[in-house]
Amino acid sequence: SCLNTQTEGSVVITFMELLKNLVRRKQVDSSNGESKTRPPQQQLAKALTFPYLIAIGVGSTIGAGVYILVGTVAREYSGPALALSFLIAGISAALSAFCYAELSSRFPSAGSVYHYSYIFIGEGVAWLIGWALILEYTIGGSTVARGIAPNLSLLFGGEASLPAILARHQIPGLDVVVDPCAAFLVFIVTALLCSGVKESTVAQGIVTTANVFVMIFVIVVGTYLCIKTDWPGYKLSSGLFPFGVDGMLSGSATVFFAYIGFDSVASMAEEVKYPQRDLPLGIGLSLLLCCLLYMMVSIVIVGLVPYYAMDPDTPISTAFSGHGIQWAAYVITLGAVTALCSVLLGSLLPQPRILMTMARDGLLPPLFSDVSERTKVPVKGTIATGLCAALLAFFMDVSQLAGMVSVGTLLAFTMVAVSLLILRYVPPDEVPILSSFQSEENSSGHIGTSRPLISKTDASIVENQEAQGGSLKSKKRRKLASWSIISTCVGNFILSYAASSSLPLPGFVRYSICGVGGLLLLVGLIVLSCIDQDDTRHSFGQSGGFVCPCVPVLPVLCILINVYLLINLGAGTWLRVSVWMFIGVVIYLFYGQRNSTLVGAVYVPTAQGGEIRRASRNSLA
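The text that follows walks through the structure, step by step, so that each part is easy to find. As the structure is a prediction and not an experimental result, all values here were calculated from the model.

Examining the overall build of the chain
Item 1. Broken down by element type, the chain carries 23 helices and four strands.
Item 2. Considering the chain as a whole, with its 621 residues, one finds that 51% of them fall into the buried category.
Item 3. Accessible surface computed for the chain: about 27,200 Å², of which carbon and sulfur atoms make up 67%.

Considerations on the side chain of Ser 109
Item 1. Tracing the backbone through its elements, the reader meets Ser 109 in the loop between helix H5 (82-106) and helix H6 (113-120).
Item 2. Residue Ser 109 is classed as buried on the basis of its relative accessible area of 7%.
Item 3. Apart from the residues lying within four places of it in its own chain, the contact partners of Ser 109 are His 115, Ala 266, Ser 267, Ala 269, Glu 270 and Thr 357.

What about helix H4 (residues 66-78)?
Item 1. Counted at 1.5 Å a residue, the expected span for H4 with its 13 residues is 18 Å, but the 15 Å between its end C-alpha atoms falls short.
Item 2. Along H4, the helix axis deviates most sharply at Thr 72, where the bend reaches about 25°.
Item 3. Turning to H4, its buried residues are Val 66, Tyr 67, Val 70, Gly 71, Val 73, Ala 74 and Ser 78.
Item 4. In this structure, the buried residues of H4 make contact with H5, helix H9 (197-229), helix H10 (244-255), helix H12 (275-304), helix H13 (315-321) and helix H14 (328-348).
Item 5. Where H4 ends, the next residue or the one after it, Gly 79, has phi of about 65°, a positive value.

What about the environment of Thr 536?
Item 1. Along the chain, Thr 536 turns up in the loop between helix H20 (507-530) and helix H21 (553-567).
Item 2. A C-alpha to C-alpha distance of 9.0 Å links Thr 536 and Val 426, two positions 110 residues apart in sequence.

Structural notes on a nonpolar patch on the surface
Item 1. Together, Leu 84, Tyr 234, Leu 240, Phe 241, Val 245, Leu 249 and Ile 299 make up an exposed nonpolar region whose accessible area comes to about 540 Å².
Item 2. Note that Ile 299 resides in helix H12.

A word on the pattern of salt bridges
Item 1. What the rule picks out here adds up to 13 salt bridges.
Item 2. Across the salt bridge formed by Asp 429 and Arg 478, the nearest N and O atoms sit 3.8 Å from each other. With Asp 429 in the loop between helix H17 (403-425) and strand S3 (430-433) and Arg 478 in helix H19 (residues 472-499), this pair connects stretches of sequence that are 49 residues apart.
Item 3. The exposure class of Arg 478 is buried, given its relative accessible area of 16%.
Item 4. Taken together, the shared-partner salt bridges in this structure form one network comprising Asp 429, Arg 477, Arg 478 and Asp 534.

Quick look at H19
Item 1. Given a rise of 1.5 Å per residue, 28 residues ought to cover 40 Å, and the 40 Å separating the end C-alpha atoms of H19 matches this to within 8%.
Item 2. At its buried positions, H19 is contacted by H17, H20 and H21.

Structural notes on the packing of H9 against H12
Item 1. It is at 9 Å that the axes of H9 and H12 come closest, and there the two elements cross at 35°. Once H9 is placed against H12, the crossing between them reads as left-handed. The residues of H12 that touch H9, namely those facing Val 212, Met 215, Val 218, Ile 219, Gly 222, Thr 223, Leu 225 and Cys 226, are Leu 293, Tyr 294, Met 296, Val 297, Val 300, Ile 301, Gly 303 and Leu 304.
Item 2. Partitioning the contact of H9 with H12 into residue classes produces 13 nonpolar, three polar and no charged.

Here we look at the packing of aromatic side chains
Item 1. Tallying each qualifying case throughout the model produces 22 aromatic pairs.
Item 2. Put simply, the rings of Tyr 100, Phe 256, Phe 257, Phe 262 and Phe 413 pair up and form one aromatic cluster.

A closer look at the nonpolar core
For soluble globular proteins, the rule of thumb is that nonpolar side chains tend to be buried together.
Item 1. Counting residues in hydrophobic clusters, the biggest one holds 153 residues, and the most contacted among them are Tyr 67, Tyr 100 and Phe 320.
Item 2. For this core, the element with the most residues is H17, which contributes 16 residues.
Item 3. If sequence neighbours within four positions are ignored, Tyr 67 has contacts with Asn 211, Val 214, Met 215, Pro 315, Ile 316, Ile 332, Gly 335, Ala 336 and Ala 339.

Some thoughts on the side chain of Gln 533
Item 1. Inspection of the secondary structure assignment puts Gln 533 in the loop between H20 and H21.
Item 2. A polar contact of 3.1 Å, which involves the side chain of Gln 533, links it to the side chain of Arg 424.
Item 3. Side-chain polar atoms of Gln 533 contact the side chain of Arg 537, separated by 3.4 Å.
Item 4. For Gln 533, the residues in contact, after removing those within four places along its chain, are Arg 424, Tyr 425, Arg 477 and Val 551.

Let's talk about unusual backbone geometry
Item 1. Put simply, Val 551 and Pro 552 share a cis peptide bond, and its omega is 15°.
Item 2. A positive phi angle is found at Ser 112, which is not glycine, with a value near 55°.
Item 3. Among the secondary structure elements, Ser 112 is positioned in the loop between H5 and H6.
Item 4. With a phi angle near 55°, Cys 550 is a residue other than glycine that sits in the positive phi range.
Item 5. For Cys 550, a relative accessible area of 57% puts it in the exposed group.

What to know about the state of the cysteines
Two cysteines form a disulfide when their sulfur atoms are joined by a covalent bond.
Item 1. Enumeration according to the criterion identifies zero disulfides in this entry.
Item 2. Residue Cys 290 stays outside any disulfide, its sulfur separated by 8.7 Å from that of Cys 291, the closest cysteine.
Item 3. For Cys 290, a relative accessible area of 1% translates into the label buried.
Item 4. With no disulfide partner, Cys 341 has as its closest neighbouring cysteine sulfur the one in Cys 181, 8.6 Å distant.
Item 5. Its relative accessible area of 24% is what places Cys 341 among the partly exposed residues.

A look at the packing of helix H7 (residues 123-155) against H17
Item 1. It is at 8 Å that the axes of H7 and H17 come closest, and there the two elements cross at 140°. Here H7 lies oblique to H17, going by the angle between them. Read as a crossing pair, H7 and H17 show a hand that is left-handed. Packed against H7, whose contacting residues are Val 125, Ile 129, Ala 132, Leu 133, Leu 135, Glu 136, Ile 139 and Gly 140, the element H17 presents Met 404, Val 405, Gly 408, Thr 409, Leu 411, Ala 412 and Met 415 at the interface.
Item 2. Among the residues making up the contact of H7 with H17, the classes are represented as 11 nonpolar, three polar and one charged.

Quick notes on the rules
Residues numbered from 1 in each chain as written. Predicted model: local features only at pLDDT ≥ 70, side-chain atom pairs only at ≥ 80, totals over all residues. Heavy atoms only, no water. Helix = DSSP H or I, 4+ residues; strand = E, 2+ residues; numbered from the N terminus. Buried < 20%, exposed > 50% of the residue type's maximum accessible area, 1.4 Å probe, protein only. Areas by Shrake-Rupley, 256 points an atom, 1.4 Å probe, with all protein chains shown as cover. Contact = heavy atoms within 4.5 Å. Expected span 1.5 Å × (residues − 1). Bend = angle between axes of the 7 residues up to and from the residue. Patch = residues over 30% accessible without salt bridge, like charges linked within 9 Å, V, L, I, M, F, W, Y side chains within 5 Å. Salt bridge = Lys/Arg side-chain N within 4 Å of Asp/Glu carboxyl O. Axes fitted to C-alpha atoms, helices over the stretch in contact; angles between N-to-C directions. Left-handed = near helix turned anticlockwise from the far one by under 90°. Nonpolar A, V, L, I, M, F, W, Y, C, P; charged D, E, K, R; others polar. Phe/Tyr/Trp six-rings, centres within 6.5 Å; stacked < 30°, edge-to-face > 60°. Core = buried A, V, L, I, M, F, W, Y, C linked by side-chain atoms within 4.5 Å. Polar contact = N/O pair within 3.5 Å; in protein donor to acceptor, adjacent residues only side chain to side chain. Disulfide = S-S within 2.5 Å. Parallel < 35°, antiparallel > 145°, perpendicular 65-115°, else oblique.

Following this line, the structure appears as structure tokens:
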């Protein structure tokens, strides 16, 4: 029985240690001194300004899907109100963009939302977000690469016209169709990314410009044809909303995913010369430009052809052919190819930086944190990303896995909004003192001696100053704000889950559950609106950046929209994502938590962190 008691006690201790590891948070350096003290093999080049960021944002967002999406959504959901669907989806995406703009300018790191989650929520959530982003960028890049060959073949007169080395082939005896063209393009993009961030961004800017010119061609020529034919698509007896307002809103939920990609700008934060100014501009202008292009293309195409007569596969080419401009199909196909190439660059560009940031924190092997001294890019991570994406694109038809891309993006959008709420109301009031500061081993000739960083005297000083500095009113406010944030998040989940069609419940039960979720959401939102935001947020992170308006309403709405979309992705998608997440949990348990840079860290009040570090350095001297 004694042995059983000891075993149970060790299990409890191990479980408690795991919980502590999951919620430990890393420190943010307000002066960005972390990048200055980082060794040369881990420093990225400060080479980007906001025109480069716009090229990354627009190029990563506008894919070939818009050339197909307008037909499907107009026929099945929105009708002539297609432009309104794009507008509402753009406004919804802008909620996340506002959150990204503040956090990226305050905490400019290559880790993007992984970095924010690690600072504000904890290591466990940060790991899952980083792991989901790895899946998003790998599957996203492979899916895009597989879509290039069919569009490229149209320019040469069909798949039979492609060179044999680039054409798709089925392996005899296996139900596998290999795509050499997709793998070849991934290798070209990988080599380009390894050459330097400025070089790859210039290339992305060129192909993005070509795609934008094609869209402008569609808008200008399409407008001329619409004026010539008196806009026949809008003169219908069914009116602007043939499927009702609900259909238009359903169309907005579908086209929302056409805005995924602008978050790639935040992943480049560490390589931006003036992050406080250029990151908000890059994120905001790229999203605005995408929304305007989407809406104008929608207005023109719906005006050319009645929504019910649109071709669901090639709506734009068919619309122009119907007005006697058959050659426009080649221009539009060229636009689709350049759009896919640009999105491929945008998909493979952020992932090595996510890998690098996770490796810096010890959660992945250190080889991913190495940066080339010549090109100043994480070459090893880039090559690993390219190899994985090329193998997937070559052997697998990843179209069935495309839904998994949305999970990573929507989770990231949700965590960005949660992180912003925590920053404003309950920013971390403790900082970790890493184990390297806690001993005198191997420094100043005192090898073999060890002295704890926080002695009894230090601890008593910390306790006294904490008691004097931390007022009871401030602690109550922080506690109330914490519970209110939890209430809004839980209420968001309950309301979204009960409102989704995936839950088969009687109407009364569904409305009752929606009422409970709505009440939790409303109470939390009202409390957050009434209490003051934390004053220490001004000194947390870098100052002078963008400030998100309408907090807490804006981030709470952002969470609601993204959680609803997450829940409605389908059981099949979530089953596949769960397998990937399980693999990630296993890797974290056996490698990440044991090699984290926060292993053995001691947390002290923020006001004492700098003083203790100085005392430690003086004692070592």
